[in-house]
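Structural description and commentary
These are the residues of each chain, in order.
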Amino acid sequence: THSSKRSYKITLLPGDGIGPEVISVAKDVLVLAASFEGIKFEFREMLLGGAALDATGVPLPDETLAVSKESDAVLLGAIGGYKWDKNEKRLKPETGLLQIREGLKVFANLRPATVFPQLVDASTLKREVAEGVDLMVVRELTGGIYFGKPRGFGTNENGEETGFNTEIYAKHEIDRITRVAFEIARKRRGKLCSVDKSNVLEASMFWRRRVQEISAEYPDIELSHMYVDNAAMQLVRYPKQFDTIVTNNIFGDILSDEASMITGSIGMLPSASLGDSGPGLFEPIHGSAPDIAGQDKANPCATVLSAAMLLRYGLGEDKAADRIENAVLDTLNKGFRTGDIHSAGTKLVGCKQLGEEIMKSVDSQA
Ligand code: ATP
Ligand code: MG
């Protein structure tokens with residue numbers, strides 16, 4: 001397994017806006033937490049997004065992809081900003097993000113939605129509904145209707161204009177995302193809910209059949225199925241019923257955003273994108289927040305928690321991951337907050353200081 005290795009190559013892609021600020025904090029926390037487990041890192045910092053465009057003329061330089069591919073995991077900050085908004089499509093910072101996901105062949109997107117006990121009031125839901133929510137959406141990322149062919153514009157039999165797309169999943173695409181989701185459910189609370197629209201769509205009927213068949217390999221996991229319309233409703237009605245959710249690309253796109261809004265804390269939410277072999281890509285769900293960039297106001301927690309996911313799902317270093325997650329909780333317990341999660345009675349601090357407080361909590365654990 002990964003855990004026998006103990007020395008890892010990490011590629012850092014700070015990107016734009018608040019990216020460099022939050023990556024700097026996450027790197028320090030990662031190094032400190034891992035040192036308690038005897039883990040060493042070799043870091044390479046590379047250009048991506050607007051920063052890469054300005055320096056090299058392309059949003060994903062070849063060298064960035066090459067170095068990323070050779071590493072054990074990639075930690076990304078955020079990309080984009082007003083400055084490049086007028087650029088043509090091919091030269092947008094965001095193109096770099098799509099290209100690196102494609103280049104690393106990451107097909108599983110993991111998006112936890114956690115309501116932190118200290119931040120329940122940030123939730124869009126009533127306290128009693130929000131309290132204790134801790135779920136993970138596993139979204140298929142490289143197939144389905146966003147990529148299916150045929151696609152395009154045409155005309156129907158009446159000569160009227162049309163637009164069309166195709167929802168298509170091959171067996172191996174469903175099987176591999178399903179296995180990733182079962183493995184994650186096993187690391188969590190042992191429950192997996194597969195979301196589809198198998199009452200209407202053949203692609204979903206096939207999806208459900210494959211998930212059912214693969215479930216035989218995971219007798220310890222409690223599997224359920226839900227139609228996507230019901231899942232969207234249940235997520236706001238009673239989100240605590242969910243542990244791990246697995247779903248296709250388009251449903252996952254929508255449900256993972258819905259789930260993150262339940263928490264109300266965009267600055268607290270990490271994500272991971274995993275492939276079969278090769279490095280995973282770990283990044284906060286928030287954007288580059290150009291409105292607060294360079295002001296030491298950013299909340300580094302989403303990126304720090306992405307570093308914890310890197311340890312857990314990228315390197316199999318669960319103990320170091322636990323240490324980071326506990327430190328974030330401990331820091332919130334002590335009342336330290338950046339502006340985005342600040343409320344009466346808590347201590348307002350900047351990005352750097354919050355990072356230092358998290359490091360103190362990493363240090364003080366047994
Ligand atoms: P993108 O299209 O890249 O997702 P966006 O404009 O949709 O970007 P964000 O860049 O995430 O979204 O910013 C949305 C709002 O949330 C902004 O007001 C921003 O300042 C705030 N925000 C985002 N991330 C953080 C953070 N880590 N700490 C504090 N505030 C944040
Ligand atoms: Mg956005």
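Before any of the text, the structure's been laid out above.
One structure accompanies this document, and this report is about it. Everything numeric in this text was worked out from a predicted model, so none of it was measured.

**Topic: the overall build of the protein chain**
In terms of helices and strands, the protein chain carries 12 helices and 14 strands. For 366 residues, the compact-globule formula gives about 21 Å, and the C-alpha radius of gyration of the protein chain, at 21 Å, lands near that figure. Residue burial in the protein chain is summarised as follows: out of 366 residues, 47% are buried. At a minimum sequence separation of 6, the contacts of the protein chain that also span at least 24 residues come to 75%.

**Some thoughts on the environment of Pro 14**
Within the secondary structure, Pro 14 sits in strand S1 (residues 7–15). Note: C-alpha distance between Pro 14 and Glu 283 (269 residues apart in sequence) is 9.9 Å. Residues in contact with Pro 14, not counting those within four places in the same chain, are Gly 19, Pro 20, Ile 23, Glu 45 and Gly 77.

**Some points on the nonpolar core**
Counting 102 residues, the largest nonpolar core has Leu 75, Val 138, Val 304, Ala 307 and Ile 324 as the members making the most contacts within it. Considering each element in turn, this core owes the most residues, 10 residues, to helix H10 (residues 301–314). When sequence neighbours within four positions are dropped, the list of residues in contact with Ile 324 reads Val 29, Ala 33, Val 304, Ala 307, Ala 308 and Val 362.

**What about the site of ligand 1?**
In the neighbourhood of ligand 1, 15 residues make up the surrounding shell, with Gly 267, His 286, Gly 287, Ala 289 and Asn 299 lying closest. Here the shell around ligand 1 is built from residues that sort into six nonpolar, seven polar and two charged.

**Structural notes on helix H9 (residues 249–263)**
With 15 residues, H9 extends 22 Å from end C-alpha to end C-alpha; this agrees with the ideal 21 Å at 1.5 Å per step. Against the buried residues of H9 lie strand S4 (108–114), helix H5 (127–130), strand S5 (134–140), strand S8 (191–196), helix H8 (228–237) and strand S10 (244–247). Downstream of H9 by one or two residues, Gly 264 has phi in the positive range, about 70°.

**Regarding the sheet that holds S5**
Taken together, 10 strands build an open sheet; the order of strands is S2-S1-S3-S12-S11-S4-S5-S10-S8-S9 and the sheet is mixed. Of all the strands in the sheet, the pair left with one neighbour each is strand S2 (40–45) and strand S9 (222–227). The average angle at which neighbouring strand axes cross in this sheet is 25°, direction not considered. Where S8 and S10 come together, four bridges link them in parallel fashion. Counterpart to Leu 192 in the pairing with S10 is Thr 244.

**Here we look at unusual backbone geometry**
The omega torsion across Lys 149 and Pro 150 is 5°, close enough to zero to call that bond cis. Note on placement: Pro 150 falls in the loop between S5 and strand S6 (152–155). For Ala 289, which is not glycine, the phi torsion reads 40° and is therefore positive. By secondary structure assignment, the location of Ala 289 is in the loop between strand S12 (280–284) and H10.

**Considering the environment of Phe 116**
Here Phe 116 lies in the loop between S4 and H5. For the pair Phe 116 and Tyr 146, spaced 30 residues apart in the sequence, the C-alpha separation amounts to 33 Å. Filtering out sequence-adjacent residues up to four positions away, Phe 116 remains in contact with Ser 265, Met 268 and Leu 332.

**Quick word on the packing of helix H1 (residues 19–35) against H10**
Interhelical geometry of H1 versus H10 gives an angle of 40° and a closest axis separation of 8 Å. When the axis of H1 is compared with that of H10, the two are oblique. Judged by the sense of rotation from one axis to the other, the crossing of H1 with H10 is right-handed. Along its contact with H1, which presents Val 22, Ile 23, Val 25, Ala 26, Val 29 and Leu 30, the element H10 presents Thr 303, Val 304, Ser 306 and Ala 307.

Parameters and conventions
- Residues numbered from 1 in each chain as written.
- Chains lettered and ligands numbered in written order.
- Predicted model: local features only at pLDDT ≥ 70, side-chain atom pairs only at ≥ 80, totals over all residues.
- Helix = DSSP H or I, 4+ residues; strand = E, 2+ residues; numbered from the N terminus.
- Rg over C-alpha atoms; globule rule 2.2 N^0.38 Å.
- Buried ≥ 20, exposed ≤ 12 C-beta atoms within 10 Å, placed from the backbone.
- Contact = placed C-beta atoms within 7 Å.
- Core = buried A, V, L, I, M, F, W, Y, C linked by C-beta atoms within 7 Å.
- Near = placed C-beta within 6 Å.
- Nonpolar A, V, L, I, M, F, W, Y, C, P; charged D, E, K, R; others polar.
- Expected span 1.5 Å × (residues − 1).
- Pairing = 2+ DSSP bridges.
- Axes fitted to C-alpha atoms, helices over the stretch in contact; angles between N-to-C directions.
- Parallel < 35°, antiparallel > 145°, perpendicular 65-115°, else oblique.
- Left-handed = near helix turned anticlockwise from the far one by under 90°.

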